[in-house]
Amino acid sequence: MQQLWLLFLTLDVGVASILRGLPAGATKPSRVTEDEALSIIPRAAASAYLLKKDASALAAVNDVYQGAKADRDLLLLDCEVEKDELGLQVKAVHTEFLNAETRYSKTQTLLQDLTGRITATQAEIEIIQQTYNSQRSACNETRIRGREQLASVQKDLPVAASLYQAAVQACSGGIPPLLLQCNFTNGTSVYKFKDAALQKQVTTMSGIGGKFISMGLERAVRGAKSFQAASFLELSEFHQEDSGMKTVMHVKKRHHQKQHGELQCAATQDKPSCDALVDSMATVQGNVRDAADELRLRLAKADKNCEQIRAAKTVDMRDTRERLDDFNTMLADASAQSTVDATALNSKEEEYKEIKGAVDKGVGACWAKMKRVENTIEAAMKLREEIFKADSSLEGKVKECEVTKWIRGPCSASCNGGVQTLKREVIAKPSADAKCPVLEVTRKCNMRACPVDCKMTQFGPWSQCTKSCGGGVQTRSRTIEQAPLHGGMPCGETVVQRVCGVKSCDEDCKLASWTAWTGCTKQCNRGHQERYRHVARSTIGQGSCPSAISLERRQLRHCNPDKCKEKIKCDEKTERDVVLVLDSSGSVGITGFEMIKKYAVEVVTALPVKTNVTHLGVVVYGTNATAAQMLTDKQADALSTINGLTWLKGGTNLAAALSLARQMVRTGRCTVPATVIVVTDGMPMRKLLASTEVSRLKEKARLYFATVGLAVNKGIYKQWSSWPPSENFWNVANFGGLMTHVNTTVADICPKVVDA
């Protein structure tokens, strides 16, 4: 680029040098000798001078002088025109060079950008592969560990079944197996069978199975008096011990002796009833089955999660490789364009060399011509000086013609050659023997070729975005149909980029406005009102959305805090289907079951069981469940059914009972709400099955739990009850406490109540 600017300087300096080298007029002393002057001027003028230095010789020399000045005037015009033309060519080459350089620079920047993107994308692919390998290893470890746990627990199944049958067989004779209570010096204790054969079976079980047995025996002995039963359900979650570990009382006997003192075993002071023992052992057997089922579910869930991870990483890898392919394609296009731009840049270098030769040639030619004219003028001036010395009277007779500068007229064409007229006027006339130079000339002008503007095709369509979110790149390109020539309009960019996919890959859901508050759920004893925010727009990618039961989407406020009257009943217009689910298992006992029946009678009496108002059904369960009363609108029939119920004994098959209640609700009225009231003193035989039925039932009805004693896991029952638990769950210490909560039940399930 600096060389192109030097061409302008060469042109300006060259013409200026020519102008500075010219004699200004006759008074300027000549720099040539007389002999040199005689060798320069035409022979005729030299002959006249040599013949005699008089007026005749002066006239001959003046003719040479005037002719040379006229030649100089025209030569100056030609040199200036040449300078202008060459200058325009230099400017055109300069402009085209800059355009070519700009395009080349942009292409190089694009190449660097794409190279960086390719490097980053390759690194991203490597990270995805490493992450996938790590997660796959973790999945394999989880599968191996889960299968080992499942195999261990599955070995417990026949042992639990054998111990259950042993309890049933012993109790068939009315005498339960003897139990031992082993106490540690720190006050803790465990329970085991006194019979060595039975206890030997226990020692073959896994750690979790052994704990189930110990806690089942403890429940059979202590019942609902002070036993904390949380561990039954919690242990089935498999958080406490590795499944391969043995029970505390046996494999870890030495460990416990070290930590808790010596183990001292003696027969239990409280003898378990056969019914309670069979119920507890049935629950233990169910818990072991639940543990195996839950492990299978966890394995299936882990497999599904691993498959989802594999699928997600596969998609990530595919998308990233497609991006890499796009970048490589763009890099190839940019490389091809770089070659084109480099060729164009080299072409402009060649043009520079050509125009430099033209400038050098043009300036040199003008200088040579001007030098010859200058020499002629100086020679004529030298001879005139010698004539004036010979005859001083002739000096005053010579007067130069003075003219204005040339005034240029318009050129007839802007390029490819036109014609231009130049004019000037006489300022001072010359002496009689002198002549004025030409006052009007016609010259060619604008001889340069006409500029040719760049012509390009239309841009093609935008490429697919390299990323659908998180910021990607799109490109589109076009080709040059006609490169610019002779200073024509330059070409624009052949490849352009734009940012795309700028939205976040992970967007949280958008929630609608809060709904209006619902009516109060209770007329007294403090009910609640609710309002909700529904999802207006789902999540995108890994965005999050608050749970439907979170504070962000569900709010509660209390209402009607006044205490209810001493005895209340449902309003006569309370339309509702109600199903009572009554626990009649062995742990309840005959006395406890009679209290459950009495509680049920009081609740039914407080309900308006009649046609098109409240309909009532009854389910009773032990090892099996029975629909004692299908939904009826006759209160007397319902009361008669409840009073006629007998104690079933056996296990606590809550799952079967809830399944029957769900079927009963499904056959009821779809236009009225349904409520299922469960009365129980313990945990179900099969927690997993019960949990499944709870979920199904809560889709159709409100689930209400009235629990008795400490053998129930309050946390589990609160979780299973409908929301809020404060209005759908309560616990009393013993069966006698049921009667104190009749009013509580009525107030909870009836939106409107009246004095009984």
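Heads up: these notes are all about the structure in this document. Nothing here was measured: the structure is a model prediction, and the numbers come from that model. (Residues numbered from 1 in each chain as written. Predicted model: local features only at pLDDT ≥ 70, side-chain atom pairs only at ≥ 80, totals over all residues. Heavy atoms only, no water.)

## Regarding the overall build of the protein
Looking only at helices and strands, the protein features 15 helices and 24 strands. In terms of overall size, the protein is more extended than a compact globule, its C-alpha atoms giving a radius of gyration of 56 Å where 756 residues would be expected to give roughly 27 Å. Across its three principal directions, the C-alpha atoms of the protein cover 175 × 65 × 45 Å. The 756 residues of the protein split such that 44% are buried. Approximately 38100 Å² of the protein is accessible, and the part contributed by carbon and sulfur atoms is 52%. Averaging the locations of the 100 positively and 84 negatively charged side chains of the protein gives two centres separated by 7 Å. (Helix = DSSP H or I, 4+ residues; strand = E, 2+ residues; numbered from the N terminus. Rg over C-alpha atoms; globule rule 2.2 N^0.38 Å. Buried < 20%, exposed > 50% of the residue type's maximum accessible area, 1.4 Å probe, protein only. Areas by Shrake-Rupley, 256 points an atom, 1.4 Å probe, with all protein chains shown as cover. Lys, Arg positive; Asp, Glu negative; His and termini not counted. Charge placed at Lys NZ, Arg CZ, Asp CG, Glu CD.)

## Description of the packing of helix α12 (residues 654–666) against helix α13 (residues 687–698)
Following both chains from N to C, one finds α12 and α13 inclined at 20°, their axes separated by 8 Å at the closest point. When the axes of α12 and α13 are compared, the pair comes out roughly parallel. Two packed elements cross with a definite hand, and for α12 against α13 that hand is left-handed. Touching Leu654, Ala655, Leu658, Ser659, Ala661 and Arg662 of α12 are Leu689, Ala690, Glu693, Val694, Arg696 and Leu697, all from α13. Split by residue class, the contact of α12 with α13 holds 8 nonpolar, 1 polar and 3 charged. (Axes fitted to C-alpha atoms, helices over the stretch in contact; angles between N-to-C directions. Parallel < 35°, antiparallel > 145°, perpendicular 65-115°, else oblique. Left-handed = near helix turned anticlockwise from the far one by under 90°. Contact = heavy atoms within 4.5 Å. Nonpolar A, V, L, I, M, F, W, Y, C, P; charged D, E, K, R; others polar.)

## Observations concerning the pattern of salt bridges
Within the structure shown, the criterion is met by 29 salt bridges. With its nearest N and O atoms 3.5 Å apart, the salt bridge here joins Lys53 to Glu34. Residue Lys53 is located in the loop between α3 (43–51) and α4 (55–172), and its partner Glu34 is located in helix α2 (residues 34–40); the two are separated by 19 residues in the primary sequence. For Lys53, a relative accessible area of 31% gives the class partly exposed. (Salt bridge = Lys/Arg side-chain N within 4 Å of Asp/Glu carboxyl O.)

## A closer look at the sheet that holds strand β1 (residues 179–183)
Strands sit in the order β2-β1-β3 across an open sheet of 3 strands; the sheet is antiparallel. Edge strands, defined here as strands with exactly one partner in the open sheet, are β2 (189–193) and β3 (264–267). Strand-to-strand twist in this sheet, taken as the mean axis angle between neighbours without regard to direction, amounts to 30°. As defined by bridge partners, β1 adjoins β2 across 5 bridges and the pair is classed as antiparallel. Bridge pairing in β2 links Gln181 to Tyr191. (Pairing = 2+ DSSP bridges.)

## A few points about the side chain of Arg686
Inspection of the secondary structure assignment puts Arg686 in the loop between β21 (674–680) and α13. By relative accessible area, Arg686 is classed as buried at 13%. Looking at Arg686, its side chain comes within polar contact range of the side chain of Asp293, at 2.3 Å. (Polar contact = N/O pair within 3.5 Å; in protein donor to acceptor, adjacent residues only side chain to side chain.)

## Thoughts on unusual backbone geometry
A cis amide bond, omega 0°, links Trp723 with the succeeding residue Pro724. Structurally, Pro724 can be placed in the loop between α14 (714–720) and β23 (729–732). Despite not being glycine, Asn446 has its phi angle at roughly 45°, a positive value. Here Asn446 is to be found in the loop between β8 (440–445) and β9 (455–456). One non-glycine residue, Asn612, adopts positive backbone phi at about 65°.

## Topic: the pairing of β8
Here β8 shows one buried face, formed by Val441, Arg443 and Cys445, and one open face, formed by Glu440, Thr442 and Lys444. Pairing of strand β6 (residues 418–423) with β8, which is carried by 6 bridges, proceeds in the antiparallel orientation. Paired with Gly418 across the two strands is Cys445, which belongs to β8.

## Describing the packing of aromatic side chains
Counted by the stated rule, this structure contains 3 aromatic pairs. Centroid distance Tyr599 to Trp730: 5.9 Å. Interplanar angle 75°. Geometry classified as edge-to-face. With Tyr599 in helix α10 (residues 589–605) and Trp730 in strand β23, the pair connects residues that are 131 residues apart, well separated along the chain. Judged by its relative accessible area of 6%, Trp730 is buried. Measuring from ring centre to ring centre gives 5.6 Å for Tyr717 and Trp720, while their planes differ by 90°; the resulting arrangement is edge-to-face. Residue Tyr717 and its partner Trp720 are located together in helix α14, separated by 3 residues, close to a single helical turn. (Phe/Tyr/Trp six-rings, centres within 6.5 Å; stacked < 30°, edge-to-face > 60°.)

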